[in-house]
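Here's the letter readout for the chains.
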Amino acid sequence: MPVVGAGVANATPGGTCKSATVQYRLVGADGGVVGEDWTSQGGFRSWDTVPGPVEVRLAPGQKVADGCKYPVSLAEYTTEGPNWATSGRQTMVDKATVYLTAADVAGDDDAKRTWQKLAVKLPDCYGQIDLYGDDVAYDGKTGEGHGPAPYQPDGVNTPYHLIAAWNGGEKECADSPPESPSPTPTPSEPTPSTPAGSTPPAEETTPPPTPKPSATPPTTPDVPPLSSKPPVTPEPSSSDSTPPLAETGAGAPVGLIAGGAAVVIALGAGAVFAARSRRS
């Protein structure tokens with residue numbers, strides 16, 4: 001359902017932007033809306049037909065300052081099963097990213113506006129499509145701009161900032177790992193027969209617990225802004241770091257110092273003359 005009363009997104013004087021709420025809708029090849037119109041509803045959904053392009057915008061009622069950007073990505077994976085619990089190993093096939101700004105906030109005259117659109121290669125086998133709020137490629141590679149691939153068995157719940165996801169498919173993918181072959185039995189020595197009446201009682205075995213259905217990763221329509229670099233700290237100027245030199249200019253009290261020295265010399269000479277006069 002459309003979001004009403006979305007949170008406020010703005011920018012501080014230092015350039016740090018707050019999170020913003022994203023809306024999306026599926027569109028067909030003819031540009032018509034497929035299914036429900038603009039929504040921020042998340043969760044995992046099963047597809048009857050593979051979802052096509054996705055249009056995105058920022059929900060109405062938000063104040064976004066100039067310079068704030070919100071990356072939104074759409075990624076397509078092949079999987080080992082048609083839902084999250086059976087998805088197993090996921091392999092990224094395609095990814096697209098757009099950046100929403102203040103120009104993408106919904107308003108009163110939306111019928112005449114064009115919204116940014118995301119489209120990826122459509123899977124022809126078991127797959128998952130993720131809509132999420134950053135520009136990282138969660139493909140299992142290392143380095144800047146890459147992150148861990150989703151993997152349900154180990155609880156790797158990527159992508160982060162997931163908005164919504166779709167699962168489906170009717171057949172295994174060509175790159176799915178082959179099933180492990182059954183081991184060939186090894187010939188063994190014949191087991192001696194047990195005399196009648198001496199058969200040991202069978203041990204009671206506890207059946208393995210039935211695995212519980214796996215909860216799907218959490219989703220949220222609120223996405224963080226594109227990170228901005230911190231301002232460069234200015235280096236201290238020479239006036240701030242250099243200690244002041246001794247004052248030797250015209251403003252220094254040189255005359256007073258010289259005059260005081262002359263008085264001390266004169267007093268000393270007078271004392272010597274008086275001492276010599278007493279001896280004579």
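Right above here is the structure, for reference.
Description of the structure in this document.

Cut-offs used in this document
Residues numbered from 1 in each chain as written. Predicted model: local features only at pLDDT ≥ 70, side-chain atom pairs only at ≥ 80, totals over all residues. Heavy atoms only, no water. Salt bridge = Lys/Arg side-chain N within 4 Å of Asp/Glu carboxyl O. Buried < 20%, exposed > 50% of the residue type's maximum accessible area, 1.4 Å probe, protein only. Helix = DSSP H or I, 4+ residues; strand = E, 2+ residues; numbered from the N terminus. Phe/Tyr/Trp six-rings, centres within 6.5 Å; stacked < 30°, edge-to-face > 60°. Lys NZ or Arg CZ within 6 Å of the ring centre and 35° of its normal. Disulfide = S-S within 2.5 Å. Pairing = 2+ DSSP bridges. Axes fitted to C-alpha atoms, helices over the stretch in contact; angles between N-to-C directions. Core = buried A, V, L, I, M, F, W, Y, C linked by side-chain atoms within 4.5 Å. Contact = heavy atoms within 4.5 Å.

Time to look at the pattern of salt bridges. For the structure on display, the rule yields six salt bridges. Ionic pairing is found between E36 and R45, a salt bridge with its closest N-O pair at 3.1 Å. Accessibility expressed as a relative area gives 24% for R45, which makes it partly exposed. With a shortest N-O distance of 3.3 Å, D110 and R57 are connected by a salt bridge. Linking D110 in the loop between β6 (91-100) and β7 (116-118) with R57 in strand β4 (residues 54-58), this pair joins segments that are 53 residues apart in sequence. Accessibility assignment for this pair places D110 and R57 in one class, buried.

Our next topic: unusual backbone geometry. Of note, the amide linkage connecting T158 to P159 takes the cis form, showing an omega dihedral of 0°. Within the element layout of this structure, P159 appears in the loop between β8 (127-132) and β9 (162-168).

What follows is about the packing of aromatic side chains. Per the counting criterion, the structure on display carries five aromatic pairs. Between Y138 and Y160, the aromatic rings sit 5.5 Å apart at their centres with planes inclined by 90°, giving edge-to-face as the arrangement. In this pair, Y138 is assigned in the loop between β8 and β9 and Y160 in the loop between β8 and β9, connecting sequence segments 22 residues apart. Under the relative-accessibility criterion, Y138 is labelled buried at 3%. Taking NZ or CZ as reference, R57 lies 5.1 Å from the ring centre of W115, over its face.

For the rest of this paragraph, the subject is the state of the cysteines. Inspection of every chain in the model, using the stated rule, returns two disulfides. The disulfide bridge from C17 ends at C68, spanning 2.1 Å between sulfur atoms. Taking the torsion about the S-S bond as the criterion, the C17 to C68 disulfide, at about -90°, is left-handed. One end of the pair, C17, is in the segment before β1 (20-27); the other, C68, is in the loop between β4 and β5 (70-78), with 51 residues separating them in the sequence.

Counting buried positions along β9 gives seven out of seven residues, so the element sits mostly inside the fold. Two elements, strand β3 (residues 44-46) and β9, share three bridges in a ladder whose sense is parallel. Each bridged residue has a counterpart across the sheet, and for R45 the counterpart in β9 is W166. Examined bridge by bridge, β8 and β9 share six bridges and lie antiparallel to one another. Across the sheet, the residue bridging to G127 is G168, located in β9.

Time to look at the sheet that holds β8. Taken together, five strands build an open sheet; the order of strands is β3-β9-β8-β5-β6 and the sheet is mixed. A strand with exactly one partner marks an edge of an open sheet, and here the two such strands are β3 and β6. Sheet twist, expressed as the mean angle between neighbouring strand axes with direction ignored, is 15°. Taken together, the six bridges between β5 and β8 define a ladder with antiparallel strand orientation. The residue of β8 that forms the bridge with S73 is Y132.

Take the nonpolar core next. Counting 26 residues, the largest nonpolar core has V56, Y70, V72 and L131 as its most contacted members. Contributions of two or more residues to this core are made by β1, β4, β5, β6, β8 and β9. In terms of residue count, β1 provides more of this core than any other element does, four residues in total. Residues within four places of L131 in sequence aside, it is in contact with Y24, V54, V56, V72, S73, L74, L118, L162, I163, A164 and W166. Counting ten residues, the second-largest nonpolar core is a separate cluster that includes A75, Y77, Y132 and A165.

That is the geometry; function is a separate question.
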